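# Fold and contact review
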Amino acid sequence: MTLRWLMTLGERTDPDTPTYAECPPPGQARAAALVDDFGQLFPILRNWRRQFGHAVTGWAAQVEVDDIEHPPRHVCEDWGPELRLDTVPGGYVVVSDYRDHEPPAPNTLQHQVKRPALDAGTAAHP
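It should be emphasised that the depicted structure is a prediction, and the values quoted were computed from it without experimental measurement. Throughout, a residue's number is its position along its own chain's written sequence, starting from 1. With the structure being a predicted model, the display of local features is reserved for residues of pLDDT at least 70 and the display and counting of side-chain atom pairs for 80 or more, all residues being used for whole-chain, interface and lining totals. In computing side-chain properties, one takes all heavy atoms of the structure into account and sets aside hydrogens as well as water.

### A few points about the overall build of the protein
Scanning the protein for helices and strands turns up two helices and five strands. Here a strand is any run of E in DSSP of at least two residues, a helix any run of H or I of at least four, and the numbering for each starts at the N terminus. Its helices and strands taken in sequence order, the protein reads β-β-α-β-α-β-β from the N to the C terminus. Any two residues whose heavy atoms approach within 4.5 Å at even a single point are treated as in contact. Restricting to contacts in the protein with at least 6 residues of sequence separation, those with at least 24 account for 63%. About 9,000 Å² of surface is accessible on the protein, with carbon and sulfur atoms providing 51% of the total. Note on areas: Shrake-Rupley with a 1.4 Å probe; residue coverage comes only from the protein chains shown.

### Quick word on the packing of aromatic side chains
When the centres of two rings from Phe, Tyr and Trp lie within 6.5 Å, Trp using its six-membered ring, the rings pair. Their planes under 30 degrees apart give stacked, over 60 give edge-to-face, and anything left gives tilted. For the structure shown, the criterion picks out three aromatic pairs. Consider the rings of Phe38 and Phe42, whose centres lie 5.4 Å apart with planes at 90°: the pair is edge-to-face. Members of the aromatic cluster, connected to one another through ring pairs, are Trp5, Phe38 and Phe42.

### A few points about the confidence of the model for the protein
The predictor attaches a confidence to each residue, called pLDDT, with possible values from 0 through 100. Scored by pLDDT, the protein has a mean of 79; 79% of the residues are at 70 or more. Here residues 103-126 is a poorly scored stretch, pLDDT under 50, and it has one contact once near neighbours within four places are set aside; other chains count.

### Here we look at helix H1 (residues 41-52)
For H1, which comprises twelve residues, the first-to-last C-alpha distance of 16 Å matches the rise-based estimate of 16 Å (1.5 Å per residue) to within 8%. Each residue is placed in one exposure class: buried if its accessible area under a 1.4 Å probe, protein chains only, is under 20% of its type's maximum, exposed if it is over 50%, and partly exposed if it falls in between. Within H1, burial applies to Leu41, Leu45 and Trp48. One side of H1 carries all its buried residues, which in axial view fall inside an arc of 55°. Projecting away from the buried face of H1 at angles above 90 degrees are the exposed residues Arg50 and Gln51. For H1, the elements touching its buried residues are strand S1 (3-11), strand S2 (32-35), strand S3 (56-64), strand S4 (83-88) and strand S5 (92-97). A positive phi of about 110° marks Gly53, the residue just after H1. Under the convention used throughout, the expected extent of a helix is 1.5 Å for every residue step, that is, one less than its residue count. For this quantity, the arc is that covered by the directions from the helix axis to the C-beta atoms.

### Let's talk about the sheet that holds S3
If DSSP finds at least two bridges between two strands, the strands pair. In spatial order, the strands read S2-S1-S3-S4-S5; together these five strands make up an open sheet with antiparallel pairing. Each end of this open sheet is capped by a strand with a single partner; those strands are S2 and S5. Across the sheet, the axes of successive neighbouring strands diverge by a mean angle of 25°, strand direction being ignored. Bridging between S1 and S3 involves nine bridges; their strand directions are antiparallel. Residue Glu11 lies in a different strand from S3, and its bridge partner there is Val56. Set on the sheet, H1 makes contact with S1, S2, S3, S4 and S5; between it and S1 the angle comes to about 20°. Throughout, an axis means a line fitted to C-alpha atoms (over the contacting stretch in the case of helices), and angles, computed between N-to-C directions, take values from 0 to 180 degrees.

### A look at the environment of Asp78
Checked against the element boundaries, Asp78 lands in the loop between helix H2 (73-77) and S4. The class for Asp78 is exposed, based on a relative accessible area of 58%.

The following block contains the structure:
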């Protein structure tokens, strides 16, 4: 099998959180697309916007899938898209990369160089 890009339609269904977008796996999404080249996702997303309304997001991942109608079970069960594609006014698409996204390490300030505190007994007086 060859690596391809699989994108599912994620709709923004929460008016209180306009940036939230559902992330349905293949088979449960209202629409899905399978392409060979990442650049082919942009016109598909724009078409989804025309078809389903402006509040759509695409969730995409590179997967080994040959048939979009019958994706392997593990692709659907382990659906964890790598990229988020959002349509914005003017026909533009914003791509957010979720690969290797980890929260910052706790207590990162401990790793910075600390200056020693001045001892009141040795401080120079004017």
